[in-house]
Every structure is written in C-alpha cells, then in structure tokens.
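# Commentary on secondary and tertiary structure
Here is how the chains run, residue by residue.
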Amino acid sequence: MDLLNLARGPLLATSVLIFVLGMAWRMVGLIRRPTRQVRSAPRRIHVQGAVWAAVLRHMLPRTGTRPSPTLATLNPYFYHFGLVFIVFGYAPHIAFLQRHLGVSWPALPDAVMYLAAGVTIISLLVALAMRLMDPTLRRISSADDYISWGLLFLVIFTGMALIDRPSSAYAAQAFSADPTRLAIHLMSLELLLVWFPFGKLFHTVSWFFGRAQFGAFMARRGVQA
Amino acid sequence: MMNREMYAQFGNAIAHLAEQAPKVEMPDAERVQRAKAVMMEKMDRNLAVDLESCVRCGYCADACQFSVQNDDPDLIPTHKLDLLRRVWRRDLAPMSWLWKPFTQDVTADDLRKWQALCFDSCTECGRCSMVCPMGINIARGVNVMREALATAGFAPDELRAVQSEQDARGTVFGADASHLVQTVEAVRSRGVTVHLDKPKAKVLMLTTVLDILLFQDALEATARVLNAAGLDWTLRSNGYEAANFGLLSGVEETQKKASEAVIRQAIEVGAEMVIVPECGHAYPALRWEGAEVHGGALPFRVLAISELIGELVEQGKLRLRGDAHQTLMFHDACKLGRHGGVFEQPRLALRATGAQLREPRDTEEMNWCCGGGAGGFLINRAAPLRAQAFAIKRAQVDSSDAQAIVTSCGSCRLNFLAGAEQTAWDKPVLSLVELVAQNLVDDPLPSAAC
C-alpha cells in the first residue's frame, strides 16, 4: 500500500473513529455529571430567549471592558472565519466531504480561498506571537495550546504546499494532486483529528454549552448574560 | 450620617481581627485531602463544562479590576480555577486516565498560594464571565475554591474570625440582640416607630451589623420607608442579622446556620416578604441560596430594600416629594446587580426623589466592583490591592460627572469611604434608603436623617 492509500484508507478511518469516539466520550462524561437542583424562585421562568441571546452575545466583544488592543480583539475572528472558509469553501475540500459524506455545495472562488488562507496563516502566527510575548497569556498557556496550534498550522501549511494549480484543474482530473504531498496533508489532518478530542479544540463543542448554561443561570436571576 | 467614632472603632477592630481567628492545626496531607474532597463534591455538570471550556484567550484579564491594575499574571481570573481544573483532569474527567500522568496533583503549597488568589484578589464580582467568549462562570468556581480552602483551614484569618463568631454566637462583630435593642431605642428616641419582636407580621425586616453599629441612619431610614408605605412589619431580635460570613468565608455549615436563623423567624411571624437591608452579599445569601439551605422553595418573597422601594414607588404606595434636584451616579453592588438582577428599581426610586442619574460607560451588569466585596474589605493584607482596584472605581465615578455616588450596599459604602479617605476624594457617598427617606412626602422628620 502506498503512502496516499494508507492516508486515504486505514489512517483516515482510524483517525475519524478516534475523533468521533473521543468527542462522544468527553461529551457523555460531561452530561453524566450530577446537576445541582435549583430551588430558589426565579426572576424569569422562560429563559430560552435569553439563552440564545447569551450564545450569540458572547460571540461578540463586550463593550464595557477596558480598551484592549484592537488586534487582540479582532485576531481570533480572522482565524476562526478563515478556517470556516477554507474547510467549507474550497472546492477540493467540498469534493472530499462529498466523497465521504455525500453532501456538497458550491465552492468559493480560488482568489477568496487564497485570501482566507493567507489571513488565517498570518492571524495564527499573530496568535502564537501574542501567546508567547504577553506575560499573562504565557502564564495561563499549557502544552495543549501549543500542540493544538501546531497541528492546526501544520494542516494549513501542508495544504498550501499542495496547491500548484487552480481548483478547476484539480476538478478536471478528479482532484488528484501530487500523491506524496497530498498524503502528508491528509496525515497532518489525521493527526489533528486524533488530537482533537483530547485538547482545547473540544471548545468547538463546549462553547455552546458553556454560553447556554451561563445564559440560563443569569436569566433566571434577571440579568442579561 | 455615619457614626464617626464607631467608624474609627470599626477600623481598629478590623485591624486586629486576625488575632481572634481560631488556630487551625492540621497536617498538610489532611488539608489537601479535605480541599480535594470539597472540589470533587462540588464538581457538578455546570462546573465541569466551565472547566472544560477555557481556551486561555485572556479576555477575562481585561474585565478584572485586580488584573488590569496589576502586572502579576497570576491574577488573571481563569487562573484562579486552575486547582479545580487539575482535580477535574486528574480524578474526574472522562479522560482522566490519559491526563493524570501529565497533570500535577494539588499540594498544600498550592492551597496556600490560592488563598490570596481566591480571597484577596477576587470579590466574586462576576465581571469576567460577562466578557468570556465561552461563558465560564468564574465567580462560581472561585466560590467553590473558597469552600475548598476554608475546609483546609486556608480562609483568611479575618474572615475566619468573623465566621467562627457567627457560627458560635450568631453575631457579627459582637452586634448581639442588646446592641440591636440599643439602636432601636436610639431610633425610637428620634420619633420613628420601630416594630421589634411583633409576634406576627407580613414583612420581616432584617438588618446588619453595619447598620446596627455604623450606619444607624440606614436602619432608621428603612423603618421610616416601611412605615410610610403602611406595611405590617417587624424586626426580630432572634433573627435579624442578614450578613452571612459562612457564604463569604466558604463555610457551608455557618452559611446554613445564618440563613436558617432568619428563615425560621420569617416562618414564625408568618412573613410574606423578607427585606434584606443595604448589604450586598446578604441578598444572594437569602434570595438565591436560601432555598437551597432550606431544602425547598421559601414560603416568602425575598427583596432587597432598594428593590422594595422601587416597587412601592412604581405602585404608588410610597410617595416622594421629588424635589432633591441633584446629579447622582448609582453604583450597582455586584451581588445585587450582576448577581441579583436588581437594576431598575433602585434607579426608579432615585429618579422619584428628583435626582438626575448619570450613568458611566460601564454600568449595570458591566459595572466595576468597588474592590472590597465578598468580604475583601476585611482582609488587611489585601489593602494595597483594594486601593489599586478603587482607582478604577474612582475614575469611573469621576467620569460620570455626578455630584455624588449612591449605593445600596454597606460594605461598598465602607470601601468607598475608605478609598475616599485614602485618596482625599471629596465625592459624597450616599445610601439609597437614606436618600429616599429624606424625600418622603409628609415625612414627620424630613431633616432628622440628614
């Protein structure tokens, strides 16, 4: 079995299995924790609206903090949106997802994708620089932060190293690229998938629950979270 | 008007408070074991989700008055939950089998260090959670940490001194029933009716050591407001203390005792409503935690005095002259505002006095803490941290351009007064209930409280 087939076959299957089982294991472990019965009379009984408001509101920077450097506030948006564009907007990625999941949608133009990839790479580098240079961020950082950053960056970097023609050219030849470089890109993705459930990338799931429970907690006290 | 002599005595008592703390003799291993047992016991789903969610973005540092004023990176709010995180990851998390070898166990030295992080430099104000992209309830985590530290004997001596007094005698700073009676007599001597120990009443009014000893005018004003509204109320000498140093020091047993003492009185007199005086933490202690202590829904409403006044004004049951034309900034005590949802009613009451309210940029749920909440104002070694935090508060008040600052929390008021004294700040610090009482229509004593 050559490297590409190994990456496309057993390694992909194994990494996806670890990803799915790991995420489910961690989620179920949280859900199974005991809950605290709340007996005090709530100020508000119907809190669903407030919960959704909190989920959305915590997506935006809160006015009322001390002025923070604009870059520190904006940078996370750059790489989060950039990653969404790259994963769900680039034609070869959509083709990959269609092959495995059977769903597809129109791709974004290559120029947009290159811009998104450029912005994402720069903003990830900025995020790393901030983490290393800011004493407070450095104090609270752990190996998890650097491993998660490194694996994410590796996937993007190996993906960029793979591109040598427009996506339409890949489409014309059934999305076949340089097999070795494609295998390396896939294996870096597989590494990321294996790491995903064990580190901070779990926040792709927990963000919703954290905001929702805080929104509900504050809403029953009559406070907009 | 504050009793100046008593204020000086109170300051002196605080300075020597630590000397009265009971000695804690415990081997380090037992301290760690006890602290970890509390952390594990309190690790419910909400806390676990919070501990799993932090992405270490550092946003909470920008929201915390201690963190923004200090170069020490340890003061960032999320770091204060690190011991909980370690216990979670090593012993309870779904993947603890994997994380345990890479996660350091909690030691007694860690607990010693976290005492300062969770007591001296955190007032559980909750501002950090409002800016957290993950919605982590850091204040709740710190509260669990306080319980863990307290059970290991690591609560600050000042808080332990007051907590042990309240636990043993039910009093705070020695303000027992005889002091209450003296204060009531003093208020009565000014022509104000005070209903003490009525067997039955629809409203149970609580008070606090601060009002009994220092801010007697606040107690008097509360009585005048309740009388003016025609409420059937009483104070009870067997259960009057609203302050709860069990909650502040993290000792659940004392918290329960203190809450049960007033809950029992309320049930005994058949109260439909319990009024919490101007004391920030006393409100959540009864309003949000009382039912948990009692083991079921409370058979009465719990209202902060500022909340009640707003309701009475809104319902037309309390008539104010509306002639106090001044500009005021209302300081939302964290435990009443951000943790309690009491925002509108105090403002409504102040506007009814004729005042114009000046809101600073960061107001209501984003208001800055005074720096001395959650018992912080009693911790002597934390005075420099409090002074740094107060600088933010002072700048915020100054930016509002108001003539005076009003609050409805005795410890905020004390902290403001101490900060003003230290920084030669001449901004008047007023009590909401006193302002309202001075503005009552047909008040027989319009100037007595001034």
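Scroll up a little and you will see the structure.
Residues numbered from 1 in each chain as written. Chains lettered and ligands numbered in written order. Predicted model: local features only at pLDDT ≥ 70, side-chain atom pairs only at ≥ 80, totals over all residues. Heavy atoms only, no water.

### Re the overall build of chain B
Of the regular secondary structure elements, chain B holds 23 helices and 8 strands. A globule of 450 residues ought to have a C-alpha radius of gyration of about 22 Å, and chain B, at 22 Å, matches this closely. Principal-axis analysis of the C-alpha atoms places the extent of chain B at approximately 75 × 45 × 40 Å. Counting across all 450 residues of chain B, residues that qualify as buried make up 66%. Here the analysis covers contacts within chain B between residues at least 6 apart in sequence; of these, 81% occur between residues at least 24 apart. For chain B, the exposed surface amounts to about 15,400 Å²; the carbon and sulfur share of it is 50%. Each charge class in chain B can be summarised by its mean position, and for the 48 positive and 58 negative side chains these summaries are 2 Å apart. (Helix = DSSP H or I, 4+ residues; strand = E, 2+ residues; numbered from the N terminus. Rg over C-alpha atoms; globule rule 2.2 N^0.38 Å. Buried < 20%, exposed > 50% of the residue type's maximum accessible area, 1.4 Å probe, protein only. Contact = heavy atoms within 4.5 Å. Areas by Shrake-Rupley, 256 points an atom, 1.4 Å probe, with all protein chains shown as cover. Lys, Arg positive; Asp, Glu negative; His and termini not counted. Charge placed at Lys NZ, Arg CZ, Asp CG, Glu CD.)

### Focus: the interface of chain B and chain A
A common way to state how big an interface is: give the accessible area lost once the parts meet. Residue-level contacts link 66 residues of chain B with 58 residues of chain A. When chain B packs against chain A, the two sides together hide about 5,100 Å² of surface, and 54% of this comes from carbon and sulfur. Our enumeration of links across chain B and chain A arrives at 9 salt bridges. Here Asp145(A) ties to Arg56(B) by a salt bridge, and the two come within 2.6 Å at their closest N and O atoms. For the side of chain B that touches chain A, the secondary structure elements donating two or more residues are helix H3 (45–53), helix H4 (59–63), helix H6 (82–92), helix H7 (96–99), helix H9 (127–131), helix H17 (282–287) and helix H18 (290–294) of chain B. The element that contributes the greatest number of residues to the side of chain B that touches chain A is H3(B), accounting for 7 residues. When grouped by side-chain class, the residues that make up the side of chain B that touches chain A number 33 nonpolar, 15 polar and 18 charged. (Buried area = accessible area lost by both parts, 1.4 Å probe. Salt bridge = Lys/Arg side-chain N within 4 Å of Asp/Glu carboxyl O. Nonpolar A, V, L, I, M, F, W, Y, C, P; charged D, E, K, R; others polar.)

### Examining the pattern of salt bridges
The final tally for this structure, using the stated rule, is 47 salt bridges over all chains. Residue Asp178(A) pairs with Arg181(A) through a salt bridge whose shortest N-O separation is 3.7 Å. The class of Asp178(A) is partly exposed, set by a relative accessible area of 29%. With a shortest N-O distance of 3.2 Å, Glu434(B) and Arg413(B) are connected by a salt bridge. Of this pair, Glu434(B) sits in helix H23 (residues 432–438) while Arg413(B) sits in helix H22 (residues 410–423); the two residues are 21 residues apart in sequence, bridging distant segments of the chain. Given the relative accessible area of 6%, Glu434(B) is considered buried. Note on Arg413(B): relative accessible area 7%, which makes it buried. Each member of the salt-bridge network shares a partner with another, and the members are Arg131(A), Asp144(A), Asp145(A), Lys200(A) and Arg56(B).

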